[in-house]
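Survey of secondary and tertiary structure
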Amino acid sequence: MTIDRPNIVLVSMDSLRADHCGYLGDDRGLTPTLDSLADAGVAYETAISPGPRTFSTMPAVFTGHHQTSNSLAVYPGETAWERRLAAIDVHLGRHGSFPERLSDLGYDTAGISPNPWTSSASGFDRGFDHFVDFSGSDDDGLLHGIADRLPVDTERRSVEMLLNMVAGKSFFTQWENFYDRLRQLTERLSEPYFLWVFLLDTHYPFITSRTHRTEQSLLGMYYSAYRSEGAMRGNTDSLAPGVAASMERSYRDTVRASDDFLTHLLDDLSSADPVTVVHSDHGESFGEHGAYGHHRGDVYEENVHVPFVVHNAGVEATISEPTSLASIHDTVLSVARQGTFDPHASTEPQVVASDVRGSSRAARGERYKLVETETGDRLFDLATDPEELRDVSAESEAIKRDLADTLESFDDHVTEVESLGRAAATVAAQRSF
């Protein structure tokens, strides 16, 4: 039987916390479009990101395989940033990404990303017939040329942030900056097509256009971004209460903006009737556990519990069991090959979130969660302690051992998969001579 392959749209939102989504219990009306997709599709209530940062999560989303926490010293590059990009590139090349497999299935594939970790530099353009990279400085050479003549060190973070803000680049990119380009791209696609869009609106510094500033003022938005920079970058662990409250107002406005993107995109693509997959790559800390942002790499719920919704794939369900975002790889391919998918196939008794730097990781069950850090292990009962404040290891030793076994099995599996991947790459290289 010939499968009539559906069009597929994947929207990845950076730093969107689960507890800011209406379908996951928030009552502030921040995500009406996402909530409507959840109501009429598959809504995962316990979706867990593979890690607390983009470079920990998105390679697993695209390949279905977690990265190891190997030292970056083995990868080429003068800086840690360059070595991290190289490590992602190697991971994607070793395992293959689902855009490559979709291309093999006859899909016209297109992607657009402003995030450096999901850019051409990290190999995320693999498998895409059309890839628009908004993360670099290809279009703002004039700005950097001017900056080169300034009597300041243009390598400083503050100057780079200013240049990116003026150009609307990197983490200052709002979806309005590239939406016309996106529409032009979709108009050229042949069906069936796969479209991936990465949104940075909900990533610090939480900048929104006037259209989407509901709670925050223009001055308040930029002032809180400036005052919170040290904390959000992981350099300090405290903020003045007024600054913290202002920053959270800015964040909520970016959540509204991102949901509005979904409204515009789905309206424009309604005639194509796509299967739509929406998720966040990780969450964001706002003072919980003494941290702000996600640069510390914590694997508490505020950083790893995320939204994940699949709409228009011929099935409706609410899934409460733990589900890793690494399952998106198989979900998308199942939809492409069969026109639908089994929403329960991606659930597990426990799933793992791990910072690829090796500083922290967690085994997350439906009720209990084990968090391992460099300072020790802690077990939490999320049913009675959703804020993860009280260690119940002493009274739940058997549960802790079970979750620890999950982490050990995870280590063994990832190591084995990586070894097999290296061996296969070696054989392929030998055959090429």
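In what follows, the accompanying structure is described. (Residues numbered from 1 in each chain as written. Predicted model: local features only at pLDDT ≥ 70, side-chain atom pairs only at ≥ 80, totals over all residues. Heavy atoms only, no water.)

**As for the overall build of the protein**
A tally of regular secondary structure across the protein gives 13 helices and 17 strands. Each of the 433 residues in the protein was classed as buried or not, and the buried ones make up 57%. Counting only contacts in the protein whose residues sit at least 6 apart along the sequence, the fraction spanning at least 24 positions is 72%. (Helix = DSSP H or I, 4+ residues; strand = E, 2+ residues; numbered from the N terminus. Buried < 20%, exposed > 50% of the residue type's maximum accessible area, 1.4 Å probe, protein only. Contact = heavy atoms within 4.5 Å.)

**Re the sheet that holds strand β14 (residues 350-354)**
Pairing within the open sheet is antiparallel, and its four strands lie in the order β14-β15-β16-β17. Only two strands of the sheet have a single neighbouring strand rather than two, namely β14 and β17 (376-381). Adjacent strand axes in the sheet meet at a mean angle of 15 degrees when their direction is disregarded. Pairing analysis gives five bridges linking β14 to strand β15 (residues 360-365), with the strands arranged antiparallel. When the bridges of β15 are listed, Ala-353 appears paired with Ala-362. (Pairing = 2+ DSSP bridges. Axes fitted to C-alpha atoms, helices over the stretch in contact; angles between N-to-C directions.)

**What about the side chain of Thr-31?**
Examined against the element boundaries, Thr-31 turns out to sit in the loop between β1 (8-13) and α1 (32-39). Setting aside anything within four residues of it in sequence, one finds Thr-31 in contact with His-20, Cys-21, Gly-22, Val-255 and Asp-259.

**Here's the deal with the nonpolar core**
What tends to happen in soluble globular proteins is that the nonpolar side chains get buried as a cluster. In terms of nonpolar packing, the biggest core is built from 47 residues, with Val-11, Leu-182, Leu-195, Val-197, Leu-199, Phe-261 and Leu-265 touching the most fellow members. Breaking this core down by element, the ones donating at least two residues are β1, α1, β4 (108-113), α7 (175-188), β6 (193-199), α9 (229-232) and α10 (241-268). One finds Phe-128, Val-306, Val-310 and Ile-319 within the second-largest nonpolar core, a separate group that totals 39 residues. (Core = buried A, V, L, I, M, F, W, Y, C linked by side-chain atoms within 4.5 Å.)

**A look at the sheet that holds strand β2 (residues 42-44)**
With respect to topology, eight strands assemble into an open sheet ordered β5-β4-β6-β1-β7-β11-β2-β12, the strand pairing being mixed. Unpaired on one side and paired on the other, β5 (130-133) and β12 (317-319) mark the two borders of the sheet. For this sheet, the mean angle separating the axes of adjacent strands, direction not counted, is 10 degrees. Contacting β4, β5 and β6, α7 crosses the sheet at an angle of about 175 degrees to β6. Relative to the sheet, helix α12 (residues 328-338) contacts β1, β7 (275-280) and β11 (308-311), its axis offset from that of β1 by approximately 160 degrees.

**Some points on the pattern of salt bridges**
Summed over the entire model, instances satisfying the criterion amount to 17 salt bridges. Between Arg-183 and Asp-268 there is a salt bridge; the shortest N-O distance is 3.8 Å. Of this pair, Arg-183 sits in helix α7 while Asp-268 is found in helix α10, placing the two residues 85 residues apart along the sequence. Since its relative accessible area comes to 38%, Arg-183 is described here as partly exposed. The exposure class assigned to Asp-268 is partly exposed, which follows from its relative accessible area of 38%. The residue Arg-296 makes a salt bridge to Asp-298 at a minimum N-O spacing of 2.6 Å. One continuous salt-bridge network, built from bridges that share partners, spans Glu-215, Arg-252, Asp-253 and Arg-256. (Salt bridge = Lys/Arg side-chain N within 4 Å of Asp/Glu carboxyl O.)

**Considering helix α3 (residues 80-95)**
With 16 residues, α3 should reach 22 Å at 1.5 Å per residue; the first-to-last C-alpha distance of 23 Å fits that figure. Residue Gly-96 follows α3 closely and has a positive phi angle near 80 degrees. (Expected span 1.5 Å × (residues − 1).)

**Quick word on a negative patch on the surface**
Together, Asp-402, Asp-405, Glu-408, Asp-412 and Glu-416 make up a negatively charged patch on the protein surface. By the secondary structure assignment, Glu-408 is in helix α13 (residues 397-431). When its relative accessible area of 49% is taken as the criterion, Glu-408 is described as partly exposed. (Patch = residues over 30% accessible without salt bridge, like charges linked within 9 Å, V, L, I, M, F, W, Y side chains within 5 Å. Areas by Shrake-Rupley, 256 points an atom, 1.4 Å probe, with all protein chains shown as cover. Lys, Arg positive; Asp, Glu negative; His and termini not counted. Charge placed at Lys NZ, Arg CZ, Asp CG, Glu CD.)

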